[in-house]
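Notes for the structure review
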Amino acid sequence: MRTSRPDSGSAAGSCLARAEIKGTLTLTDPRTFVTALTQGVGHARAYSCGLMLVR
């Protein structure tokens, strides 16, 4: 996991975190996966957090 602090002009106390997970994915519910992939996950979706990149 990587974390970074915003510039001094940004909101104090905020921190961004990024996690990279490598492995094999087995889908049991393709519709739920497509929804999560296109709409994101978590409460901070409106702030571009919770997005997934699948390669």
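Residues numbered from 1 in each chain as written. Predicted model: local features only at pLDDT ≥ 70, side-chain atom pairs only at ≥ 80, totals over all residues. Heavy atoms only, no water.

**What to know about the overall build of the protein**
Stated formally: Per the convention used, a helix needs a DSSP run of H or I reaching at least four residues, while a strand needs a run of E reaching at least two, with both numbered from the N terminus. A simple rule labels every residue: compare its accessible area, found with a 1.4 Å probe on the protein chains alone, to the largest value its type can have, and call it buried under 20%, exposed over 50%, or partly exposed in between. All accessible-area figures derive from a Shrake-Rupley calculation using a 1.4 Å probe, and residue coverage is judged against the displayed protein chains alone.
Within the protein one finds 1 helix and 2 strands. The linear arrangement of helices and strands in the protein, starting from the amino end, is β-β-α. Each of the 55 residues in the protein was classed as buried or not, and the buried ones make up 5%. Just so you have it, the protein exposes about 5,400 Å², and 53% of that area is on carbon and sulfur atoms.

**Things to note about the pattern of salt bridges**
The line we're drawing: One side-chain nitrogen of Lys or Arg within 4 Å of one carboxyl oxygen of Asp or Glu is enough to make a salt bridge.
Counting across every chain of the model gives 1 salt bridge. Measuring nitrogen to oxygen at the nearest pair gives 3.8 Å for the salt bridge that ties K22 to E20. When its relative accessible area of 51% is taken as the criterion, E20 is described as exposed.

**Things to note about the confidence of the model for the protein**
The test is simple: The score called pLDDT rates the predictor's confidence residue by residue, from a low of 0 to a high of 100.
The share of residues in the protein with pLDDT of 70 or more is 76%, and the mean pLDDT across the chain is 79. Here strand 1 (residues 2-4) stands out as the least confident element of the protein, with mean pLDDT 58; helix 1 (residues 30-39) is the most confident, with 91.

**Side note on the environment of G50**
Here is the rule: Here, residues are in contact when the closest pair of their heavy atoms is within 4.5 Å.
Note on placement: G50 falls in the segment after helix 1. Judged by its relative accessible area of 29%, G50 falls in the partly exposed class. Residues G50 and A36, 14 residues apart in the sequence, show an inter-C-alpha distance of 9.0 Å. In contact with G50, not counting residues within four places along its chain, are G40 and V41.

**Description of the environment of E20**
The topology assignment puts E20 in the loop between strand 2 (16-18) and helix 1. Taking C-alpha positions, E20 is 9.8 Å from M52, a pair spaced 32 residues apart along the chain.

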